[in-house]
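Geometric and topological summary
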Amino acid sequence: EADIYQTPRYLVIGTGKKITLECSQTMGHDKMYWYQQDPGMELHLIHYSYGVNSTEKGDLSSESTVSRIRTEHFPLTLESARPSHTSQYLCASSEWGRGNIQYFGAGTRLSVL
Amino acid sequence: AQRVTQPEKLLSVFKGAPVELKCNYSYSGSPELFWYVQYSRQRLQLLLRHISRESIKGFTADLNKGETSFHLKKPFAQEEDSAMYYCALSAAGGGSNYKLTFGKGTLLTVNP
């Protein structure tokens, strides 16, 4: 079934650990995005990609990094997690030629202690 | 710069009452506007976009370029409409800019 998958759904980790949030889509979309969302607040774009080997920083500065080696996979990495990284991270994808309708994953809720 | 403003953080209405969720935007070019909805324990999903000019689940939204608004309306609210609603904007046609800018969201509660 065509979908966008995020793992893990919840992650509690200690300060200083390296973490990777996974995002994969089976929708055949070229464009993918990462958003950060604090509870009750708006979504902020932190990274986006228009295709393989294409990554750009979004509107909100983030210490995270991303890679796009395969079309369907867009992982986000934090080299050294800090409490300020505690948030929800949403992955989305969209396709060329359909305006900018974005499809979202279920999100990863990250808590850094 | 793109900006989306949703002035109401919370909106509470009774079942059967009309509901209007406000959205104003700021953008120098030609915008494409969207409403996304997030029901409890579900993922964020598209409700409607202005170029489709369609009614989804009884909701409609008209783009008013003069007032730079894209308010979401429904004549008779239902309890299942209770959710978080986000207004979003991107450049029309995409081009090199497929980024979405979201408002802060409005939590709609429909009381029985």
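The structure we're discussing is the one just above.
Presented here is a report on the structure given in the accompanying data block. (Residues numbered from 1 in each chain as written. Chains lettered and ligands numbered in written order. Predicted model: local features only at pLDDT ≥ 70, side-chain atom pairs only at ≥ 80, totals over all residues. Heavy atoms only, no water.)

**Thoughts on the environment of Ala106 of chain A**
If you trace the backbone, Ala106 of chain A turns up in the loop between β10 (103–104) and β11 (108–112). When its relative accessible area of 26% is taken as the criterion, Ala106 of chain A is described as partly exposed. Once the C-alpha coordinates of Ala106 of chain A and Leu45 of chain A are considered, the two residues, 61 residues apart in sequence, prove to be 16 Å apart. Those residues within four positions of Ala106 of chain A in sequence are excluded, and the remaining contacts are Gln6, Arg9, Gln88 and Leu90 of chain A together with Arg43 of chain B. (Helix = DSSP H or I, 4+ residues; strand = E, 2+ residues; numbered from the N terminus. Buried < 20%, exposed > 50% of the residue type's maximum accessible area, 1.4 Å probe, protein only. Contact = heavy atoms within 4.5 Å.)

**Here's the deal with the sheet that holds strand β7 (residues 60–61) of chain B**
Residue and element names in this part refer to chain B. Across the sheet, which stays open at both edges, the three strands sit in the order β3-β8-β7 with antiparallel pairing between neighbours. The open sheet has two edge strands with one neighbour each: β3 (19–21) and β7. As judged from the three bridges shared by β3 and strand β8 (residues 72–74), these two strands associate in the antiparallel manner. When the bridges of β8 are listed, Val19 appears paired with Lys74. (Pairing = 2+ DSSP bridges.)

**Re the environment of Ser52 of chain B**
Inspection of the secondary structure puts Ser52 of chain B in the loop between β6 (45–49) and β7. Separated by 35 residues in the primary sequence, Ser52 of chain B and Ala17 of chain B place their C-alpha atoms 25 Å from one another.

**Considering the side chain of His50 of chain B**
In this structure, His50 of chain B sits in the loop between β6 and β7. Residue contacts for His50 of chain B: discarding those within four places in its chain leaves Pro31, Glu32, Leu33, Leu63 and Phe70 of chain B.

**Digging into the pattern of salt bridges**
Per the counting criterion, the structure on display carries eight salt bridges over all chains. Its salt-bridge partner being Asp3 of chain A, residue Arg43 of chain B comes within 2.8 Å of it at the nearest N-O pair. Taken together, the residues Arg43 of chain B in the loop between β5 (31–38) and β6 and Asp3 of chain A in the segment before β1 (4–7) connect one chain to another. The shortest N-O distance in the salt bridge between Lys74 of chain B and Asp81 of chain B comes to 2.8 Å. A single network of salt bridges, built from pairs that share partners, joins Glu20, Lys22 and Lys73 of chain B. (Salt bridge = Lys/Arg side-chain N within 4 Å of Asp/Glu carboxyl O.)

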